[in-house]
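# Working through the structure, step by step
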Amino acid sequence: SQQGEEDPQALSIQEGENATMNCSYKTSINNLQWYRQNSGRGLVHLILIRSNEREKHSGRLRVTLDTSKKSSSLLITASRAADTASYFCATDYGNAGGTSYGKLTFGQGTILTVHP
Amino acid sequence: KAGVTQTPRYLIKTRGQQVTLSCSPISGHRSVSWYQQTPGQGLQFLFEYFSETQRNKGNFPGRFSGRQFSNSRSEMNVSTLELGDSALYLCASSFRGGGYNEQFFGPGTRLTVL
């Protein structure tokens, strides 16, 4: 399987704390995207980071990518109860430097619980 | 700009029946991808359509099929339903469906097979 792996599988923190989730993948990628999902609903796109980028920010979110280690991390700062959700990383592997034509490969996700 | 819409949101079918799900992408997006999400297998790619052509296909049996119309709306069909087809079916749209394009997901269709 080409699925990435995320850790931890579950994370429980208090409001105001930072939450860090990690994602590892297996082969070279075009890009990596992070998504949030609330209670079995649709996925909300958070950030896309390209293979030639090392770090991106969006509001309280910070994503890093280390292609040498084939890993990425998502940091949520000053977490809120509303951040409670499942978080997924998804990789676009491409093929021989080309495109994967709409196929993202998802990890199993991290369940984040933020207690008020 | 309106997001990705999926209809219906919920479906209950019995084994052996067939079902058709619909997805309307974000205006201007020409690529539509479909995914199946189950507790056991997670999110798995079904297929992708661009300009009415299937460009990529996941590892699912031939009972799963799809199509895309000239306005980029897409449908997927599952024939001869099995209990294991119960899942959340998600579609995602992107501008071109590859490389550096973000995929934006709809709310999903929850299919229950009895």
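Whatever comes next refers back to the structure up there.
Residues numbered from 1 in each chain as written. Chains lettered and ligands numbered in written order. Predicted model: local features only at pLDDT ≥ 70, side-chain atom pairs only at ≥ 80, totals over all residues. Heavy atoms only, no water.

Quick look at the state of the cysteines now. Residue and element names in this part refer to chain A. Following the criterion strictly, the structure yields two disulfides over all chains and no others. The disulfide that involves Cys23 links it to Cys89, with 2.0 Å between the sulfurs. Looking down the S-S bond of the Cys23 and Cys89 bridge, the torsion is 65 degrees, so its handedness is right-handed. Of this pair, Cys23 sits in strand β3 (residues 19-24) while Cys89 is found in strand β9 (residues 85-92), placing the two residues 66 residues apart along the sequence. Grouping residues by exposure puts Cys23 and Cys89 together as buried. (Disulfide = S-S within 2.5 Å. Helix = DSSP H or I, 4+ residues; strand = E, 2+ residues; numbered from the N terminus. Buried < 20%, exposed > 50% of the residue type's maximum accessible area, 1.4 Å probe, protein only.)

On the side of chain B, 24 residues touch chain A, which itself brings 24 residues to the contact. When the two sides are added together, the surface that chain A and chain B hide from each other amounts to roughly 1900 Å², 54% of it contributed by carbon and sulfur. Per-residue buried area on chain A facing chain B is highest for Leu43(A), Tyr101(A) and Gly102(A); these three make up 27% of the total on that side. Linking chain A to chain B there are zero salt bridges. (Contact = heavy atoms within 4.5 Å. Buried area = accessible area lost by both parts, 1.4 Å probe. Salt bridge = Lys/Arg side-chain N within 4 Å of Asp/Glu carboxyl O.)

Residue and element names in this part refer to chain B. By the secondary structure assignment, Gln68 is in strand β7 (residues 64-68). From its side chain, Gln68 meets the backbone oxygen of Arg30 in a polar contact 3.1 Å long. Side-chain polar atoms of Gln68 contact the backbone nitrogen of Ser51, separated by 3.1 Å. Not counting chain neighbours up to four residues away, the residues in contact with Gln68 comprise Arg30, Val32, Tyr49, Phe50, Ser51, Glu52, Thr53, Arg73 and Ser74. (Polar contact = N/O pair within 3.5 Å; in protein donor to acceptor, adjacent residues only side chain to side chain.)

For the rest of this paragraph, the subject is unusual backbone geometry. Of note, the amide linkage connecting Asp7(A) to Pro8(A) takes the cis form, showing an omega dihedral of 0 degrees. When you line up the elements, Pro8(A) lands in the loop between β1 (5-7) and β2 (10-14). Going from Thr7(B) to Pro8(B), the amide bond is cis rather than trans, its omega being -10 degrees. Tracing the chain through its elements places Pro8(B) in the loop between β1 (5-7) and β2 (10-13). Phi is positive for Ser72(B), close to 80 degrees, though the residue is something other than glycine.

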